[in-house]
Amino acid sequence: MTLKLGVIGTGAIGQEHIRRCSKVLQGAKVVAVSDINIEGAKGVVDRLGLEAEVYANGHDVINAPEVEALIVTSWDPTHEEFTLAAIAAGKPVFCEKPLALSAEGCRRIVDAEIAQGKRLVQVGFMRPYDTGYRALKSVIDSGEIGEPLMLHCAHRNPAVPESYTTDMAITSTLIHELDVLRWLTEDDFKSVQVLFPRATKNTHAKLRDPQIVLFETHKGTRIDVEIFVNCAYGYDIQCEVVGETGIAKLPEPASVQLRKEAKLSTTILTDWKDRFIDAYDVELQAFINDTAAGQLQGPSAWDGYAAAVAADACLKAQESGQVEAVELPSRPAFYSR
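In short, a report on the structure. (Residues numbered from 1 in each chain as written. Predicted model: local features only at pLDDT ≥ 70, side-chain atom pairs only at ≥ 80, totals over all residues. Heavy atoms only, no water.)

With that settled, the discussion passes to the pattern of salt bridges. Any two side chains of opposite charge can pair, on the condition that their charged atoms come close. Applying the stated criterion across every chain yields a total of 17 salt bridges. Residues D188 and R182 are paired through a salt bridge, measuring 2.7 Å at the closest nitrogen-oxygen approach. A relative accessible area of 21% places D188 in the partly exposed class. Within this structure, E16, R19, R20 and D281 form a network of salt bridges that share partners. (Salt bridge = Lys/Arg side-chain N within 4 Å of Asp/Glu carboxyl O. Buried < 20%, exposed > 50% of the residue type's maximum accessible area, 1.4 Å probe, protein only.)

This paragraph deals with the packing of aromatic side chains. Counted according to the given criterion, the structure contains six aromatic pairs. Measuring from centroid to centroid gives 4.3 Å for F189 and F215, while their planes differ by 25°, and the two rings are stacked. Taken as a pair, F189 in strand 8 (residues 189-195) and F215 in strand 9 (residues 211-217) lie far apart in primary sequence, 26 residues in all. Arranged with centres 4.9 Å apart and planes meeting at 80°, the rings of F334 and Y335 form a pair that is edge-to-face. For F334, a relative accessible area of 9% corresponds to the buried category. (Phe/Tyr/Trp six-rings, centres within 6.5 Å; stacked < 30°, edge-to-face > 60°. Helix = DSSP H or I, 4+ residues; strand = E, 2+ residues; numbered from the N terminus.)

Further remarks concern empty space enclosed by the protein. Enumeration according to the criterion identifies one cavity of 30 Å³ or more in this entry. Considered as a void within the structure, the largest cavity measures approximately 40 Å³ in volume. Together, R182, D188, F189, A306, A310, V326 and L328 line the largest cavity. (1 Å grid on protein atoms, 1.4 Å probe; cavity = no way out; pocket = protein on both sides within 12 Å on 5 of 7 lines; lining within 4 Å. Points joined across faces, edges and corners; volume = space filled by probe spheres on them.)

Take the sheet that holds strand 8 next. Here seven strands make up an open sheet; going across it, the order is 12-11-7-10-9-8-15 and the pairing mixed. The open sheet is flanked by strand 12 (247-249) and strand 15 (324-325), the only strands paired with a single partner. Relative to strand 10 (residues 222-228), strand 9 runs antiparallel, the two being bridged by six bridges. For I212, the partnering residue across the bridge sits in strand 10 and is E226. On top of the sheet, helix 10 (residues 301-320) reaches strand 8, strand 9 and strand 15; it is set at about 35° to strand 8, its chief contact. (Pairing = 2+ DSSP bridges. Contact = heavy atoms within 4.5 Å. Axes fitted to C-alpha atoms, helices over the stretch in contact; angles between N-to-C directions.)

Before going further, it helps to examine the sheet that holds strand 5 (residues 93-95). Strand pairing in a sheet takes place through backbone hydrogen bonds and is either antiparallel or parallel in direction. Strand order across the open sheet formed by six strands is 3-2-1-4-5-6, with parallel pairing between neighbours. One side of each edge strand has no neighbouring strand; the edge strands of this open sheet are strand 3 (53-55) and strand 6 (121-123). In this sheet, adjacent strand axes meet at a mean angle of 25° when their direction is disregarded. Two strands pair when backbone bridges link them, and strand 4 (residues 69-72) and strand 5 are joined in this way by three bridges, in the parallel orientation. What sits directly across from L70, in strand 5, is V93. Strands strand 1 (3-8), strand 4, strand 5 and strand 6 of the sheet are contacted by helix 4 (residues 79-88), whose axis makes an angle of about 165° with strand 5.

With respect to the helices and strands, S191 occurs in strand 8. Judged by its relative accessible area of 11%, S191 is buried. Excluding residues within four positions of it along the chain, S191 makes contact with L214, F215, E216, V323, E324, A325 and V326.

So, on to the pairing of strand 7 (residues 148-156). In terms of strand pairing, strand 7 meets strand 11 (residues 236-243) through eight bridges, oriented antiparallel. Within the sheet, the bridge partner assigned to C153 lies in strand 11 and is C239.

Before going further, it helps to examine the nonpolar core. In this structure, L174, L178, L181, V213, F215 and C239 are the most contacted members of the largest nonpolar core, which totals 80 residues. Considering each element in turn, this core owes the most residues, twelve residues, to helix 10. With 23 residues, the next largest nonpolar core counts C21, A52, A69 and F287 among its residues. (Core = buried A, V, L, I, M, F, W, Y, C linked by side-chain atoms within 4.5 Å.)

Here the largest pocket defines a volume of roughly 1,100 Å³. What lines the largest pocket is a set of 44 residues, among which D76, K97, T171, S172 and H176 lie closest to the centre. Counting residues per element, the ones that place at least two in the lining of the largest pocket are helix 1 (12-24), helix 5 (103-116), helix 7 (168-185) and helix 10. Classifying every residue of the lining of the largest pocket gives 26 nonpolar, 13 polar and five charged. When its volume is computed, the second largest pocket comes out at roughly 670 Å³. In terms of lining, the second largest pocket is formed by 27 residues, of which the most central are R119, Q297, G298, P299 and D303. Residue assignment for the lining of the second largest pocket shows that the elements contributing at least two residues are helix 6 (131-142), helix 7 and helix 9 (277-293). It is helix 7 that contributes the most residues to the lining of the second largest pocket, three residues altogether. The class makeup of the residues in the lining of the second largest pocket is eight nonpolar, six polar and 13 charged. (Nonpolar A, V, L, I, M, F, W, Y, C, P; charged D, E, K, R; others polar.)

Below is the structure:
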């Protein structure tokens, strides 16, 4: 059986997902696409040699009778609208992050999915599909290092454009940690504080960089995350878990070790797409397989909502400089299945 996919949004990430679903992964076929730039969408279809209908509007893709499941990679402000429409149509939908622009928007999606009575939404958080993160979680879950007491994390980019602002360190960068740290620890955030160290000379007037985000979870685990988006040297993701009886650290990406010119060195990646390219393949293959099996298991609408609630608290903490509560309601039984 081949799952017939509709893709809404043919920008950079949309094109990549169309390519991997058509050329790399198994069990799926892209049969319909749409984009606000319809000529650009036609170009993508032609370049990849697809037999896919090109629509002017995402709702036409959702309502197309040949489309069985959706991938939403359109402009962020449209994610909520198209995800809600897919739920109303009873079609599974993979929505790239953010699920919605606000926690309230995410909650509307959660409520709509619960009313539909079946999980239909998967959010594009790829890190739980990364080999390194899975290995780290396996150590935590095994109890080999005891209960996690502290986590030391870093999210570093070599540089960002001048359009990148202080709040985006939370909504565009930390958002991945907001999901994967809940997944690693199986715990929710209780409070957060944001600190601003001395600023790098490589930043600009609208961006305070770096930042340190301090969390406490409901179980009492303390987490610090360094966000440094103009670090200059590379794209570097770090996570160290300090347990009761040992320490587990996220493995480095595979790299050839060189001995040359009296130096011992390994390469550091500079592009996030290279760091997580395999995870993108694994997460979409899982969405295809789970949709075919009739039961989604990946990051849920609730996970998208929980990340949005935590992000709102982080933004508040950026402004106040104080410890702010993360007020997440109890998880509905619907998402405990």
